[in-house]
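Fold and geometry: a report
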Amino acid sequence: MADAVTDAQKSEKTYMLFKRTRKFIKYLDDALKRIDNETYGVCKVTGQKISKGRLEAVPHTQLSIDAKLKRR
């Protein structure tokens, strides 16, 4: 019985990691598209440039820190 629970937990953990990785890859693909169409580093809410520090911390971000904080 305990082995079945452990196996289920491992399967769930693996699935969650897979979903998280797939989501991150999508973010990276979207960032590459923005580089191609020259909109990388531009906030999609404000239209202003995203700070270099923010892009270094979160290279796939689409929002400036101000826009991100206002979304909360």
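As a starting point, this report considers the structure included with it. Every value quoted in this text rests on a predicted model; they were computed, and no experiment measured them.

Space inside the largest pocket adds up to approximately 250 Å³. Tyr27, Asp30, Lys44, Arg54, Val58, His60, Thr61, Gln62, Leu63, Lys68 and Arg71 together form the lining of the largest pocket. Put simply, the parts of the chain that give the lining of the largest pocket at least two residues each are α1 (2–36) and α3 (65–71). Partitioning the lining of the largest pocket into residue classes produces three nonpolar, three polar and five charged.

To continue, consider unusual backbone geometry. Its identity as a non-glycine residue notwithstanding, Glu38 has a phi of 60 degrees, on the positive side. Assignment of secondary structure puts Glu38 in the loop between α1 and α2 (52–57). When its relative accessible area of 70% is taken as the criterion, Glu38 is described as exposed.

Its place among the elements puts Ala67 in helix α3. Through-space distance from the C-alpha of Ala67 to that of Lys44 is 8.9 Å; in sequence the pair is 23 residues apart. In contact with Ala67, not counting residues within four places along its chain, are Cys43, Val45 and Thr46.

Our focus in this paragraph is the pattern of salt bridges. Under the criterion given, the structure shown has one salt bridge. The residue Asp30 makes a salt bridge to Lys26 at a minimum N-O spacing of 2.9 Å. A residue pair is termed a helical-turn pair when its members lie 3 or 4 positions apart in one helix, as Asp30 and Lys26 do in helix α1 at four residues.

Quick look at the side chain of Arg34 now. Among the structural elements, Arg34 can be located in helix α1. With no salt bridge to any partner, buried Arg34 finds its closest opposite charge in Asp30, at an N-O distance of 5.2 Å. A distance of 3.0 Å separates the side chain of Arg34 from the backbone oxygen of His60, its partner in a polar contact. Setting aside anything within four residues of it in sequence, one finds Arg34 in contact with Thr39, Tyr40, His60, Thr61 and Gln62.

So, how was this worked out
Throughout this description, residue numbers start from 1 for each chain and increase along the sequence as written. For a predicted model such as this one, the threshold for reporting local features is a pLDDT of at least 70, and the threshold for listing and counting side-chain atom pairs is 80 or more; totals across whole chains, interfaces and linings nevertheless cover every residue. Side-chain figures throughout are based on the complete set of non-hydrogen atoms in the structure, without hydrogens or water. A cavity here means a set of 1 Å grid points, computed over protein atoms only, where a 1.4 Å probe fits but cannot escape. A pocket is an open set with protein on both sides within 12 Å along at least 5 of 7 lines, and lining residues have an atom within 4 Å of a point. Grid points are joined across faces, edges and corners, and a volume is the space filled by probe spheres set on the points. A run of H or I in DSSP counts as a helix once it spans at least four residues, and a run of E counts as a strand once it spans at least two, with each numbered from the N terminus. Here the nonpolar group is Ala, Val, Leu, Ile, Met, Phe, Trp, Tyr, Cys and Pro; Asp, Glu, Lys and Arg are the charged ones; every other residue, Gly included, is treated as polar. Each residue gets one of three labels from its accessible area relative to the maximum for its type: buried under 20%, exposed over 50%, partly exposed in between, using a 1.4 Å probe on protein chains only. Residues count as neighbours in contact if any of their non-hydrogen atoms are within 4.5 Å of one another. One side-chain nitrogen of Lys or Arg within 4 Å of one carboxyl oxygen of Asp or Glu is enough to make a salt bridge. When charges are counted, Lys and Arg are positive and Asp and Glu negative, with His and the chain ends excluded. Pairing of N or O atoms within 3.5 Å defines a polar contact, subject to two protein rules: one partner must be a possible hydrogen donor and the other a possible acceptor, and residues neighboring in sequence count only if both atoms are side-chain atoms.

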